[in-house]
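For reference, the chains in residue letters:
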Amino acid sequence: MVQIRTFLTRCSFLSFRNRRGMSTRNYQNAINSLNSLQSNAATIEAVRASGGRLSQFAIPEMVEYLERIGYTTDDLNALKVIHITGTKGKGSTSAFTDSIIRHTKPDWKVGLYTSPHLVAVRERIRINGRPLSEEDFTKYFFEVWDRLQANDSRKLESTPFMPGYFRFVTLMAFHTFLSLGVDATILEVGVGGMYDSTNIVPKPIVTGVTALGIDHVGVLGKTLKEIAWQKGGIYKEGVPAFSVVQPEEGMQVLTERAKELKASEFIITSKLPQIDKIKLGLAGAHQVGNALLAVHLAKTFLLDLDPEGVKDSFPQSFVDGLQSTRWPGRCQTVVDPQHSKLTWYLDGAHTIESLECCIQWFSQPGVGSPSDSTPGPFQRVLIFNTGGGRAGPSFLESVYKQLSLQLSQLGEEPASFFDQAIFCTNVTYADGGFKGDLTAVSLPPDDLAQLRTQHQLADAWSSIVPSFSKERIHVLPSVEHAIRIVHRLATEGESPVKVLVAGSLHLVGGVIEVSNLAEVAL
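The model shown is predicted, which means the values in this text are computed figures rather than measured ones.

J.: Could you give me a rundown of helix α13 (residues 352–362), with the residues and numbers involved?
T.: Every buried residue of α13 is accounted for by S354, L355, C357, C358, I359, W361 and F362. In this structure, the buried residues of α13 make contact with β9 (332–335), β10 (342–347), β11 (379–384), α14 (392–408) and β14 (497–502).

So, in structure tokens, the structure goes:
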């Protein structure tokens, strides 16, 4: 099986190289080359079917790739890493941490690595808060690509010739940050922790786990205990290990993992009254916990590197950092610059827990519900998609349950909250094409062609809300089709239109792209 996997990966890559040629060294060519490393739907399904057993190869293979581009794992200690994982909030916590450190040490060069991206893959690798330029991305991309091509020696039979998409971008982030000599690196885990591609840094400065929940069950496990075991895999010997307050079964496992992996200490974040007085840069009540963890991580990090540099218990630079944090696509309100009556509410929430937080935010008075300043009337539209069609119906059940809970306090009926419900694919354009950076080959072709997931979602919504008329439910093949309906509502109707986009960060990115919101949203 390993030999077949390696052979097919190499053949696929060689076919791509011969087809495209490698003479052009521009950003678009880098994106095309990167997209050739994506795993298709069949490969992803094989990993799920294996129950994650292929994870045993993950770390040794990643170390081998790192060595092929000229580094050892010990070299990564120079990055001075804050390593962050969790089920929900790890991206927001990374953004808070990055902002605090940049405001506290404005003369430092701070690297931030996150995933996924919304519109451009360059967003994943940031220096001092800014994504790499197309020129720099292209430069570092081909430096890593060429090193892998030039060094074909492999220690493990299982190692494919070229790394997959996420592995490659992680290698590129390491290379970029080492080349630029960053003073600090905030490193967000991709999936899980124990076997994640980021988990090859031997000695981070501090590690942290955000709120746990059920996600990626095909790889991480079906129970909170199994998932906690994976997440706790980022804890390291001699390194402080943090966690937010977790459900009892998850906390028990994290405590055991910290002891097993010999963390220097295991700390559950304690409440800081100062945070309650700060208007955080990220909306939503759930962000308080993320900000709390970020403060603990940043303070531990700064005290380790510069014990005299943080003298106050809660410096003003921490306040400024929390207030200034920006993280697009998470509980984000964007007024459409081209349609004055149209407002977008963007949240890439894609787990039950994060969707509940999303609805808590959107249903608030002054956001998606009427208030003294926005009395209404207005139209509300839901645009929704999910990467896992089988989980989609349960996600919608959680959305409606949370909506019912929130609206019971406002005296509004949940069944009539949304005027339109749109279920579309993540395909960017109406002609079936993707923006280069948003290309996804992981979507099952039959599912996509028949809109199977979208029909499942529409049927689920009809079942959950029987009074919602079929004429107001739309199953559409692309983001552009969905935007056309929204624009028609905004131009033909008299009342303002509020659109909640949720269920997938890729969907949010497509909406930003097609609606030309990049300048105001990113």
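J.: Pulling in residues and values, what's your account of the pairing of strand β12 (residues 420–424)?
T.: Burial within β12 is extensive, with five of its five residues counted as buried. Taking every second residue as pointing to the same face, both faces of β12 are buried, with Q420, I422 and C424 on one and A421 and F423 on the other. Of the strand pairs in this sheet, β12 and strand β13 (residues 473–476) are connected by four bridges, and their pairing is parallel. Its bridge partner lying in β13, F423 is registered against V475.

J.: Got a sec to walk through the UniProt feature "binding site: ATP" (unreviewed entry) in the chain? Specific residues and values, please.
T.: With numbering matched to this structure, UniProt assigns "binding site: ATP" (unreviewed entry) to R330 and D347. These residues run over 18 residues, yet every pair of their C-alpha atoms falls within 4.4 Å of each other. Summarising the element assignment, R330 is placed in the loop between α12 (316–324) and β9. For R330, a relative accessible area of 14% translates into the label buried. Leave out the neighbours within four places in its chain, and R330 touches S92, L118, L346, D347 and L505. Here P328 takes part through its backbone oxygen, which lies 2.6 Å from a polar atom of the side chain of R330. With respect to the helices and strands, D347 occurs in strand β10. Residues in contact with D347, not counting those within four places in the same chain, are G329, R330, C331, C358, W361, V501, A502, G503 and V508.

J.: Kindly report on the sheet that holds β13, identifying the contributing residues and their values.
T.: Pairing within the open sheet is mixed, and its six strands lie in the order β9-β10-β14-β11-β12-β13. Each edge of the open sheet is held by one strand with a lone partner, namely β9 and β13. In this sheet, neighbouring strand axes are inclined to one another by 20° on average, regardless of whether the strands run parallel or antiparallel. Packed onto the sheet, helix α18 (residues 505–514) meets β10, β11, β12 and β14 and runs at close to 150° relative to β10.

J.: How would you summarise the sheet that holds strand β2 (residues 110–113) if you had to cite specific residues and measurements?
T.: Working definition: the strands of a sheet are paired by backbone hydrogen bonds and lie parallel or antiparallel to each other. Pairing is mixed in the open sheet, where eight strands are placed in the order β4-β3-β2-β5-β1-β6-β7-β8. The open sheet terminates on both sides in strands that have one partner only, identified here as β4 (130–131) and β8 (265–268). With four bridges connecting them, strand β1 (residues 81–85) and strand β6 (residues 206–209) associate as parallel partners. Across the sheet, residue I82 finds its bridge partner in β6, namely V206. Together, β1, β2 and β5 (184–188) form the strand contacts of helix α5 (residues 90–104), whose direction differs from that of β5 by roughly 170°.

J.: Lay out the packing of aromatic side chains with the relevant residues and their values.
T.: One pass over the structure, following the stated rule, counts 20 aromatic pairs. Aromatic pair W108 and F301: ring centres 6.3 Å apart, planes at 80°, arrangement edge-to-face. Here F301 lies in helix α11 (residues 287–305) and W108 lies in the loop between α5 and β2, a separation of 193 residues in the sequence. The same class applies to W108 as to F301, namely buried. Each ring, one from Y345 and one from F362, has its centre 5.1 Å from the other, and the planes form 65°; the classification is edge-to-face. With Y345 in strand β10 and F362 in helix α13, the pair connects residues that are 17 residues apart, well separated along the chain. On the basis of relative accessible area, F362 is assigned to the buried category, the value being 0%. Chaining the aromatic ring pairs together yields one cluster made of Y345, W361, F362, Y400, F417, F418, W461 and F468. The ring of F468 carries R472 above its face, with NZ or CZ at 4.0 Å from the centroid.

So, how was this worked out
Residues numbered from 1 in each chain as written. Predicted model: local features only at pLDDT ≥ 70, side-chain atom pairs only at ≥ 80, totals over all residues. Heavy atoms only, no water. Buried < 20%, exposed > 50% of the residue type's maximum accessible area, 1.4 Å probe, protein only. Helix = DSSP H or I, 4+ residues; strand = E, 2+ residues; numbered from the N terminus. Contact = heavy atoms within 4.5 Å. Pairing = 2+ DSSP bridges. UniProt positions renumbered as here; feature names shortened; annotations may be inferred. Polar contact = N/O pair within 3.5 Å; in protein donor to acceptor, adjacent residues only side chain to side chain. Axes fitted to C-alpha atoms, helices over the stretch in contact; angles between N-to-C directions. Phe/Tyr/Trp six-rings, centres within 6.5 Å; stacked < 30°, edge-to-face > 60°. Lys NZ or Arg CZ within 6 Å of the ring centre and 35° of its normal.

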